[in-house]
Each structure stands twice: as structure tokens, then as C-alpha cells.
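# Structure assessment
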Amino acid sequence: MAKVMVGMSGGVDSSVAAKVLLDSGYEVTGVTLKMFSSDDIVETETRTCCSLSDVEDARAVAYKLGFKHIVFNFRDNFSQYVIENFINSYITGKTPNPCIECNRHVKFGKMLQRAEELGFDYIATGHYALKEYNNETGRWYLRRPADRSKDQTYVLYSLTQHQLEKTLFPLADYEKTEVRKIAEEAGLINSRKPDSQDICFVPDGKYAEFIKKHTDKGTQEGDFTDTEGNIIGKHKGIIHYTIGQRKGLGIALGKPAFVVSKNAQTNTVVLGSNDDLFTSELIAEDVNLMSVSEIKGEMHVTAKPRYNCKDEPAVISMLPDGRIRVVFEKPQRAVTSGQAVVFYDGDIVVGGGTIV
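This section reports on the structure supplied with the text.

Two pairing modes exist for strands in a sheet, parallel and antiparallel, and in both the strands are linked by backbone hydrogen bonds. The mixed open sheet is built from 4 strands, whose spatial order is β9-β8-β11-β10. The outermost strands of the open sheet, each flanked by one partner alone, are β9 (231–235) and β10 (258–263). Within the sheet, the average angular offset between the axes of one strand and its neighbour, ignoring direction, is 30°. Relative to strand β11 (residues 268–272), β10 runs antiparallel, the two sharing 5 bridges. Bridge assignment links N263 to a residue of β11, and that residue is T268.

The next point concerns the sheet that holds strand β2 (residues 27–34). A sheet is described by the order of its strands in space; here 5 strands give the open sequence β3-β2-β1-β4-β7, paired in parallel fashion. Of all the strands in the sheet, just β3 (68–73) and β7 (167–168) have a single pairing partner and so form its edges. The sheet contact formed by β2 and β3 spans 6 bridges and is parallel. Counted as the bridge partner of T32 is V71 from β3. Across the face of the sheet, helix α1 (residues 12–23) comes into contact with β1 (3–7), β2, β4 (122–124) and β7 while running at roughly 165° to β1.

On to the packing of aromatic side chains. One pass over the full model with this rule turns up 12 aromatic pairs. Ring geometry for F86 versus Y90: centroids 5.1 Å apart, planes at 65°, classification edge-to-face. Here F86 pairs with Y90, and both are found in helix α3 (residues 75–91), just 4 residues apart, close to one helical turn. Across this residue pair, the class does not change: F86 and Y90 are buried. Ring-pair connections join several aromatic residues into one group, and the members of that group are F36, F78, F86, Y90, F201, Y207 and F210. Note that R114 overlies the ring of F72, its terminal NZ or CZ placed 4.8 Å from the centroid.

Reading guide: rules and limits
- Residues numbered from 1 in each chain as written.
- Predicted model: local features only at pLDDT ≥ 70, side-chain atom pairs only at ≥ 80, totals over all residues.
- Heavy atoms only, no water.
- Pairing = 2+ DSSP bridges.
- Helix = DSSP H or I, 4+ residues; strand = E, 2+ residues; numbered from the N terminus.
- Axes fitted to C-alpha atoms, helices over the stretch in contact; angles between N-to-C directions.
- Contact = heavy atoms within 4.5 Å.
- Phe/Tyr/Trp six-rings, centres within 6.5 Å; stacked < 30°, edge-to-face > 60°.
- Buried < 20%, exposed > 50% of the residue type's maximum accessible area, 1.4 Å probe, protein only.
- Lys NZ or Arg CZ within 6 Å of the ring centre and 35° of its normal.

Structure representation (C-alpha cells):
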């Protein structure tokens, strides 16, 4: 009987993932990761994951289903790879995606390492994604799940071949409505629990307030400029702005204005029109390839430059330094440094990287 360590956030998805594995004959142990304490975050009532109540919900589900539940303290690991990266990215003018870094270093990095040290055969999560092995290429593939509305492959593009091999995604073939029905029929305490929202350690989206709590960098006032470099006003610190932002700029120009770029070195925020937000090309670094080991010449794919957007036709090619150039068939709006761009071949994840 294979032993599986299931990452349980306290939500319905990971709870049902554990039940599906249990019903399939696996020896299941639930684990909840302690990522931070209340001292690390800004007080809020917004739903997030990793809170004390989430730990209790996960423990209650494990007790109900009859398997062991443990808690790992990964605060140091999470602080180093996720929180510090988040802060450093914002103060250097980028907009990071901390869920990707958490998956890369914590959930599928540190947790898998701990699971293997303890003799587990696999780890499992409640992510909506499908994995399969391709005998012809000898590689593990990551595919979009049955419920496309819950597709989470975008935040999983950084998984290595070893991590894919050792990870199970029990919800790959389930619709979200089915998952809630399974939880209700099993009498699980969290069957109707709403999905977590916002970044777990930055509830209510108050990321500027969170950064101010940890550093004063990026909070100094500076100049708003137009696209030609002319000073047109004062901003309250570059951490307060994201590419494409229109509301909350605190400046009246008599016409709609959008944040089109930020420069941390000069502490300037460039404002322009909506048309100025469109670009057809980007460069990605820190690339991880999944379905292929390398890209030779040009490869036609579809690509997503942010989580909540439709993937669009593009051509990718590898640069000599290992970075990837992405050229879209149609210009994309608000391409943002620090976000991920993920490439697809149909429903197969080719790979992805961080937008420069």
C-alpha cells in the first residue's frame, strides 16, 4: 500500500483530495504547513489559508475520515523564499506571484523533501491539474484538469520532473460541484467553506501596508512622468502601483491615465494611455521546461502572461543566456515584470518563466 502525505490547507479541495486517495486504497497522512504567525501579517477578516482555524478544520477532517494529521513549521522556509521575495520584488518595481514561489520552494520543495525523509511514496494536493507519463518522450506531463474554470496549471509550471513524478493530483477529473457534493455526503466540516481569497499573508490585498510593516524601501514619494519623461505630478511610493492601474492614482490629468511602467532606480512611475499598455513581445527568465527538455528554433504555443487571462497564440524561442523570448500573435495588455508567463501545447504545459 503506497503511503501518501496530503497537503491539507483546511479547505474543501485538499480535504476531498485526501478522501479520494483514502477511498482508492492509499495510506494517507494529512499535513498542514505552518507558514507564518499573526505577527507576520496585517490583521483582517478576509478569508485566507494557513490560519489557526484552517489547521483545526484540517485536523477535524482527518479525525472524521480516520487518518493521522500533523503540522510542519515551515515559517523560516516560507519567509526566506516567499515573503522576502515578495517584498524585494515590489520595492524593485516588480509585481510578484507568491503562490508560484510557495509551490516551487515550500509545497513541492520542502514538503516533498520532508515526505521522502519520512518514507512516503508520494505527496498530494488539492490542486486542479492532471499529470501523466509519456512513454515516447520519457517525461512527465502536466495537463489542464476536467474543470477548466478551476485550472491551476499556471501556478504549477515550476515543478521539476522529480516533483511531478512524486506528486498526485486526486481532483484532476472532478468538477468543483462534485468536490463539494463529496464533502457534504461525507459530512466534512468544511464542505461549504468558501474558497480562500487574496494572498495568504497579505489579506484584503493590503500589500503596501504589509511591505511598510517590514521595510521603508519603495515607500518614498517620487515623480509621475508621462511616456516622454515629462514630470506631471507626485506619487506616494512605487509599491502602491501596479501596471495597468487606473484608480487610486491621486492625480487628475483631464483624461484617463494608466500606470504603464515603474523605475525603482529613479523612483518614477510612468503614466500613459490605455494604448500604451499593449505589447507583442516579452522576455522570460528563471525558465522551467516541463513537456520538453529544450526548445530548438521556434516553437508555436499559446501563452498566458498572467493568471486570470486566456492563453493566446505565440512563438517562443530560447536565447543564448537561457531566457525565452515570447512573441504574441496579438498585442497583450499590461504585461508585468515579476509575473509568470506560462506556455501551452493544447492542454499540455510546455513550461514557463518570470517576466523580466
